Amino acid sequence: MKKIPLALLLFASTAFAQREIFPSDYKPSPCAPENACESFTEVKFSSAAFKFLLRTLEVAWDDEHRDELTAMVQPYCIKRATCMATPGNIWWFCNDVFAQEIRSACDRKYPPKAQPHDNEQCHTWVDVYSAGVDQHPKTDWEAAQRCAKTTPATTVRKMEWWSVPPAIPIDYKGVIQVYTIDSETHVPVQADIRFEDQTIYTQDSPTGKPITYYQFKWPRKLVRTPNAQGHTDVVPTMMTMSAAGYEPVQMRVPTVVPKIVVSMSPSVDKLKRGRNTVTVTATDAATKKPVEAQVYVGDATAGFTNQPIEITVSRKRPEIWIRSPFDAYSDVVVVPAEK
């Protein structure tokens, strides 16, 4: 199994503060193995920390805190057992969800700002613990999956989902994580994530493709779709989450789509028949910075925003509207056509 990176674990600790990635009100599976976790028993954690993580776990700190930390991880071990008994969840997925959860438990037990040293040592300890869990055979998972198949679901199940961040800024450069749980049992669901007209790869999931609970970066992509005004809006691409036995979830990527604020000088009531010199001002609603867009009068281009242009008003005033040439913004009607 490819071990979950430290960067993802750190990110997951922040995500957990917003919402539990494995809700505490989950429904335990009758097929969950009794031996919920088995980590290192013959190797000292301080030695394993250096061997597996190239990090230092102080021997005295380990001796002092080992019993309380062993007790701390047990509820998450029990959760892991139910995860492994959930059809479709691969053993490495359950191990990685477990690793994220116990790291977050450290942040609650030893707040990083108030107890930075204990927090760092706790993170190292639980990372060693989860590395030890990874080293053991997947026989428990295989038995749990066989048990689960003896009582197959009679209906297609449903998933709930959320993402971190919940709404992705269009210029966001960081990582994204999407979480899915069974709507009834509240157990994490290992679901594949696909994007319309985009193939995304990530080094952080064992498959190399986006999977729920693993981080990835989404290259920004907006597409145009017709709107009720006869123009087009820019919208995020479609994202589909799918898992065996579950109803697929399809929705647009939760993206903060940029918007334009427009005005025209002189105002529409000051326009006269014949030629007029006007300036259509366009700015980004969030940044207040000027936006370069083409100005159209009816179907004809008249110039660009934020600079004087000439338009001709005949017997009836044509529609004046703008379009971003880079597909970064939706079309905006500045002045509707005169009826």
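A brief report on the enclosed structure follows. (Residues numbered from 1 in each chain as written. Predicted model: local features only at pLDDT ≥ 70, side-chain atom pairs only at ≥ 80, totals over all residues. Heavy atoms only, no water.)

## Focus on the overall build of the protein chain
When you go through the protein chain residue by residue, the secondary structure sums to six helices and 16 strands. Taken against the 2.2 N^0.38 rule, which gives 20 Å for 339 residues, the C-alpha radius of gyration of the protein chain at 27 Å runs more than 25% over that of a compact globule. Counting the 339 residues in the protein chain, one finds 50% classified as buried. Restricting to contacts in the protein chain with at least 6 residues of sequence separation, those with at least 24 account for 64%. Summed over all atoms, the accessible surface of the protein chain reaches about 17200 Å², with 54% contributed by carbon and sulfur. One way to put it: in the protein chain the 39 positive side-chain charges average out to a point 9 Å from where the 39 negative ones average out. (Helix = DSSP H or I, 4+ residues; strand = E, 2+ residues; numbered from the N terminus. Rg over C-alpha atoms; globule rule 2.2 N^0.38 Å. Buried < 20%, exposed > 50% of the residue type's maximum accessible area, 1.4 Å probe, protein only. Contact = heavy atoms within 4.5 Å. Areas by Shrake-Rupley, 256 points an atom, 1.4 Å probe, with all protein chains shown as cover. Lys, Arg positive; Asp, Glu negative; His and termini not counted. Charge placed at Lys NZ, Arg CZ, Asp CG, Glu CD.)

## With respect to helix 6 (residues 139-149)
Taken residue by residue, helix 6 has Trp141, Ala144, Gln145 and Ala148 as its buried positions. Along the long axis of helix 6, the arc covered by the buried residues comes to 100°, so they all point the same way. (Arc of directions from axis to C-beta.)

## Concerning the side chain of Arg317
Considering the arrangement of structural elements, one finds Arg317 in the loop between strand 14 (308-313) and strand 15 (320-323). Among buried charged residues, Arg317 stands out as having no salt bridge; its nearest opposite-charge side chain is Glu338, 4.2 Å away. Once residues lying within four places of it in the same chain are set aside, the contact partners of Arg317 are Val268, Leu271, Arg273, Val335, Pro336, Ala337 and Glu338. (Salt bridge = Lys/Arg side-chain N within 4 Å of Asp/Glu carboxyl O.)

## Thoughts on the environment of Met239
Of note, Met239 is situated in strand 7 (residues 238-242). According to the relative accessible area criterion, Met239 is buried, its value standing at 2%. Sequence separation of Met239 and Tyr129 is 110 residues, and the distance between their C-alpha atoms is 35 Å. In contact with Met239, not counting residues within four places along its chain, are Ile193, Arg194, Phe195, Val249, Gln250, Met251, Arg252, Val253 and Pro254.

## A look at the state of the cysteines
Applying the stated criterion across every chain, the model contains four disulfides. In this model Cys31 forms its disulfide with Cys147; the gap between the sulfur atoms is 2.1 Å. Disulfide Cys31-Cys147: the torsion about the S-S bond is -65°, which places it as left-handed. Of this pair, Cys31 sits in the loop between helix 1 (6-18) and helix 2 (45-53) while Cys147 sits in helix 6, and the two are 116 residues apart along the sequence. Across a sulfur-sulfur distance of 2.2 Å, Cys37 and Cys77 are joined as a disulfide pair. Taking the torsion about the sulfur-sulfur bond, which here is approximately -110°, the covalent link between Cys37 and Cys77 counts as left-handed. In this pair, Cys37 is assigned in the loop between helix 1 and helix 2 and Cys77 in helix 3 (residues 59-84), connecting sequence segments 40 residues apart. (Disulfide = S-S within 2.5 Å.)

## Some points on the packing of aromatic side chains
Evaluated as defined, the whole model comprises 14 aromatic pairs. With 5.5 Å between their ring centres and 20° between their planes, Trp125 and Tyr129 make a pair best called stacked. A residue pair is termed a helical-turn pair when its members lie 3 or 4 positions apart in one helix, as Trp125 and Tyr129 do in helix 5 (residues 116-135) at four residues. Summarising the burial analysis for this pair, Trp125 and Tyr129 share the class buried. (Phe/Tyr/Trp six-rings, centres within 6.5 Å; stacked < 30°, edge-to-face > 60°.)

## A word on the side chain of Asp204
Along the chain, the position of Asp204 falls in the loop between strand 4 (192-195) and strand 5 (222-226). Assessed through its relative accessible area of 15%, Asp204 is described here as buried.

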